[in-house]
Amino acid sequence: MDDSDSPTYASLAPANPTMVNDLASVDLPSLSNIPDVNSNGHLPSAVQSPLSGQDVSSPQTPASLDMKSDGYSDMDKSTMIAVIQFLKRGNLKSTEEILRKECGFFEPVDVTDTSGALGEEGEVLAAYKSDGNPAEYQDAFKALSAFVEKSLDAYKYEVAAVLYPVLIHMYLELIYNGHRGEAVELLQNCSSSIEAHHADDLRSISLVTSRAQMAGQPLLNTLLSAQYTCRMSRDSLAHLKRFLADRSAGPVPRIIQDRLNIDLVDGQPRTKAQVLAVQGAITGEAPRSANKTKIFYGLLKEPELQTVINEEEEAEDDLDKPKKKKSKKDALQKNKKNDPNAPPANRIPLPELRDQDKQERARIYRDSMKRVTLSRDALPSICFYSFVNASNTVDISDDSSILAFGSAESILSVHSITPAKLKAMKPAEQLSDIDKDSEDVLVRMLDDRSGETQRNLMGHSGPVTAVSVSPDKALLASSGQDGTVRIWSLQTWTCVVVLRGHIYPVWSVRFSPHGYYLVTGGHDRTARLWTTDQHLPLRIFAGHYSDVDVVEFHPNSNYVASGSSDRSVRLWDCSNGACVRIFTGHKGTVSAVNFSPCGRYLASGSCDARILVWDLGGHGNALAALSSHSDTIHTLAFSREGTILASGSMDCTVKIWDFAKVTEEGRDEDVNATTSPLEDKSLLLSTFPTKQTPVLSLHFTRRNVLLASGPFNG
């Protein structure tokens, strides 16, 4: 390939994402120091760190920082007070004395005064300060609730969306101003008018009973850092304004003005089903402005494989082969057509295909010609792998030959699930006889380990939370509660690199379908994009308001989907680190996401036991809502041609859904902001229960056999 046409990883411009939720800003290394893609797309023998050779000077105090006579700036002083308050609450007197002596800070600190010690957070909390009559709050909310109840059905359900955030902020205002009794009474008497899916949040907020407890409460921090978004039509907003105009002096108009973001929608007001379909996220609905970016959801053009296929066919003596050549060629030409919705080939750098990669693509193509086409009348066969007290997470390689799982005992186990043995590097004395210039030198260096079909790997210092096998089966990525991501070589069976960037447990890790890239998500509320030859992240995807519990690559590797405990799904652009879609509608933690093989649709499963299907070609609207499970949905898998969707749950069942009908209905209807998601019980084709085994992983083989796995709870 000509160098002028081959993009390098320097073409990925450094991203500067806005850090939220009190996360510290992160300086990414300049991507101009990142090495170009190697032809093999894997760990090179030696990688120069992008930070090596740099003269890192000590940080200097900005000239604009106002220093006080005691040597402390306002920022330094507030930080010192916050630390001393923490030590006082923990009764760590000796530590406090040592800190005061070393820093020369002897001012008295009031442990009950949190507003001055919390810096920016204290300033935000101070906005709750009010001299209003606490008895008016309950009357004001009941008046608002009565107004909503008496409204016409055309306006009622959109206007009712303001009840929950108004009640929460009323409660917090009363707590901040020391009116605990009135606050508790308000929540007890008025929470019945709030939708049931907010019950967990109300219980969490009810635990805050003093001003000191307001600092550091996760849900409260989220409510303070972002406005609650309510989407309304112009008619519904005008109806609400008439009520607010009559009570301009009360707390309700002030809270709606300061704490809510009213997102106007053109057209008729929405029905109850349409409003409930998009509610559930901690910060309300997704603003329309967040879902307007064009998405390149198409697949990349397949490489030239006809020569490879012809060479392999000539080596086989099969009389039936000539009869199928014409149909195969036609199918191959069809696969090579450019997708108008596909991203440009050089939008993000991808590794060049090696000869063995092309041979693997040829095997994928041959398997696709022998694949069973699934439908309502042809359901998949299922093979289930049960683990006895061993499995936290499971992953199966793309060719369905290797199964890897991680356990709470920090052990990774890799198994061959075919008759072939696991491979490993040959001894050193045998490597010297190999021609290093041969094209298949890597293949020659590997050897079957006689009689060995299983290997254990150890390195994490805590439970293993996720595993992912690379597309070429050369690498295995694992994440753990120790906050690290480890990449293991499945040739030398050793850990080749430890990725440290997350500061809390890492919950999910996935390799890109094209290899080289991997993405992680963790408790620090970020997802991060890595490469196999860099120890620092290329992108930090920041925007979620709680843990990032699950991540997944788009089939074209240009996008990453993340599901979070903030009950939203986000789509991130790998080329610039921007969030290009926000999907809301789940009423619980998002625990599973997966893309359809065509790349246009995204399915997400949640702790609310529902599956939502999103159309990436639209503007963040749910295409269908699939409800039948009774517990958390842990895994989703599409059949290879995309006509069947399989879901696995903690209710110990595997369910098969008619995804072809979902897409047909979506094409027949004009899906927009006022369209309700499709809910049809006939979409469920079959249910396959296990005895006592929750389903952790689902995987369709290249010939559409469904492989399922989970831990036996006997």
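Residues numbered from 1 in each chain as written. Predicted model: local features only at pLDDT ≥ 70, side-chain atom pairs only at ≥ 80, totals over all residues. Heavy atoms only, no water.

**Some details on the overall build of the protein chain**
Summing up its helical and strand segments, the protein chain has 18 helices and 31 strands in all. Here the protein chain holds 714 residues, and 49% of them are scored as buried. Considering only residue pairs separated by 6 or more positions, the protein chain has 62% of its internal contacts joining residues 24 or more positions apart. Carbon together with sulfur atoms contributes 48% to the accessible area of the protein chain, which is approximately 33200 Å² in total. (Helix = DSSP H or I, 4+ residues; strand = E, 2+ residues; numbered from the N terminus. Buried < 20%, exposed > 50% of the residue type's maximum accessible area, 1.4 Å probe, protein only. Contact = heavy atoms within 4.5 Å. Areas by Shrake-Rupley, 256 points an atom, 1.4 Å probe, with all protein chains shown as cover.)

**A look at the pattern of salt bridges**
Per the stated rule, a full pass over the model turns up 26 salt bridges. Residue Asp 658 is joined to Arg 376 by a salt bridge in which the shortest nitrogen-to-oxygen separation is 2.9 Å. Here the residue Asp 658 occupies a position in strand E28 (residues 653–658), and Arg 376 occupies one in the loop between helix H15 (355–369) and strand E3 (382–388), the gap between them amounting to 282 residues. Its relative accessible area of 6% is what places Asp 658 among the buried residues. Accessibility expressed as a relative area gives 42% for Arg 376, which makes it partly exposed. (Salt bridge = Lys/Arg side-chain N within 4 Å of Asp/Glu carboxyl O.)

**Side note on the pairing of strand E31 (residues 706–712)**
For E31, the tally of buried residues reaches six of seven residues, placing the bulk of the element in the interior. Pairing of E3 with E31, which is carried by seven bridges, proceeds in the parallel orientation. Paired with Phe 387 across the two strands is Pro 711, which belongs to E31. As paired strands, strand E30 (residues 697–700) and E31 are joined by four bridges and run antiparallel to one another. Each residue of the ladder has a partner; that of Phe 700, found in E31, is Leu 706. Taking the residues that link successive antiparallel strands as the turn, the E30-E31 hairpin has five residues, and the phi of Asn 704 there is positive, at about 70°. (Pairing = 2+ DSSP bridges.)

**Here we look at the side chain of Thr 643**
Positionally, Thr 643 belongs in the loop between strand E26 (633–638) and strand E27 (644–649). Not counting the four nearest positions on each side in its chain, Thr 643 is found in contact with Leu 374, Trp 657, Asp 658, Phe 659 and Ala 660.

**Details of the UniProt feature "repeat: WD" (unreviewed entry) in the protein chain**
Under the feature "repeat: WD" (unreviewed entry), the UniProt entry names residues 457–498, 499–530, 541–582, 583–616 and 626–658. End C-alpha to end C-alpha, residues 499–530 measures 9 Å, and it is 0% helix and 59% strand. Here residues 583–616 runs as 0% helix and 59% strand, with 10 Å between its end C-alpha atoms. (UniProt positions renumbered as here; feature names shortened; annotations may be inferred.)

**Some details on the packing of helix H4 (residues 135–150) against helix H10 (residues 234–246)**
Closest axis-to-axis distance for the H4/H10 pair is 11 Å, and the angle between their directions is 145°. Read as a crossing pair, H4 and H10 show a hand that is right-handed. Two secondary-structure elements touch here, H4 through Ala 143, Leu 144 and Phe 147 and H10 through His 239, Leu 240 and Phe 243. Each residue belonging to the contact of H4 with H10 can be placed in one class, and the counts come to five nonpolar, one polar and no charged. (Axes fitted to C-alpha atoms, helices over the stretch in contact; angles between N-to-C directions. Left-handed = near helix turned anticlockwise from the far one by under 90°. Nonpolar A, V, L, I, M, F, W, Y, C, P; charged D, E, K, R; others polar.)

**Some thoughts on the sheet that holds strand E25 (residues 622–627)**
The strand order across the open sheet formed by four strands is E22-E23-E24-E25, and the pairing between neighbours is antiparallel. Only two strands of the sheet have a single neighbouring strand rather than two, namely strand E22 (590–595) and E25. Strand-to-strand, the axes of this sheet are offset by a mean angle of 20°, without reference to chain direction. Pairing of strand E24 (residues 610–615) with E25, which is carried by five bridges, proceeds in the antiparallel orientation. Bridging from a neighbouring strand, Ile 611 pairs with Leu 626 of E25.

**Re helix H6 (residues 163–176)**
For H6, built from 14 residues, the straight-helix expectation of 20 Å at 1.5 Å per residue is met to within 8% by its first-to-last C-alpha distance of 20 Å. With 14 of 14 residues buried, H6 is to be regarded as a mostly interior element. Once H6 ends, the next one or two residues include Gly 178, with phi positive near 85°. (Expected span 1.5 Å × (residues − 1).)

**Structural notes on the packing of H6 against helix H7 (residues 180–190)**
Relative orientation of the contacting elements H6 and H7 amounts to 160°, with a least axis distance of 7 Å. Taken together, the axes of H6 and H7 are roughly antiparallel relative to one another. Crossing of H6 over H7 shows left-handed handedness. The segment H6 lies against H7, with Leu 167, Met 170, Tyr 171, Leu 174 and Ile 175 engaging Arg 180, Glu 182, Ala 183, Val 184, Leu 186, Leu 187 and Cys 190. Along the lines of polarity and charge, the residues of the contact of H6 with H7 split into ten nonpolar, no polar and two charged. (Parallel < 35°, antiparallel > 145°, perpendicular 65-115°, else oblique.)

**Examining the nonpolar core**
Soluble globular proteins: nonpolar side chains tend toward being buried together. Counting residues in each nonpolar core, the largest one holds 46 residues, and the members touching the most others are Phe 141, Leu 144, Met 170 and Val 252. Of all the secondary structure elements, the ones that give two or more residues to this core are H4, H6, H7, helix H8 (199–206), helix H9 (218–225), strand E1 (228–233), H10 and helix H11 (251–259). The dominant element in this core, judged by the number of residues it contributes, is H6, at eleven residues. With near-sequence residues (within four places) excluded, Phe 141 lies in contact with Leu 163, Val 166, Leu 167, Met 170, Leu 186, Cys 190, Ser 193 and Ile 194. Within the second largest apolar cluster, 18 residues are counted, among which are Ile 295, Tyr 297, Val 550 and Leu 602. (Core = buried A, V, L, I, M, F, W, Y, C linked by side-chain atoms within 4.5 Å.)

**Considerations on the packing of aromatic side chains**
Applying the stated criterion across every chain yields a total of eight aromatic pairs. Grouped by ring-pair contacts, the aromatic residues Tyr 601, Phe 638 and Phe 659 constitute a single cluster. (Phe/Tyr/Trp six-rings, centres within 6.5 Å; stacked < 30°, edge-to-face > 60°.)

**Remarks on the environment of Val 654**
Its place among the elements puts Val 654 in strand E28. Note: C-alpha distance between Val 654 and Ser 686 (32 residues apart in sequence) is 8.4 Å. What Val 654 contacts, discounting residues up to four positions off in sequence, is Ile 382, Ser 647, Ser 686, Thr 687, Phe 688, Val 695, Leu 698, Leu 706 and Ala 708.

**Some words on a nonpolar patch on the surface**
A cluster of nonpolar side chains, contributed by Leu 379, Ile 382 and Phe 688, occupies part of the molecular surface with about 200 Å² of accessible area. Within the element layout of this structure, Ile 382 appears in strand E3. (Patch = residues over 30% accessible without salt bridge, like charges linked within 9 Å, V, L, I, M, F, W, Y side chains within 5 Å.)

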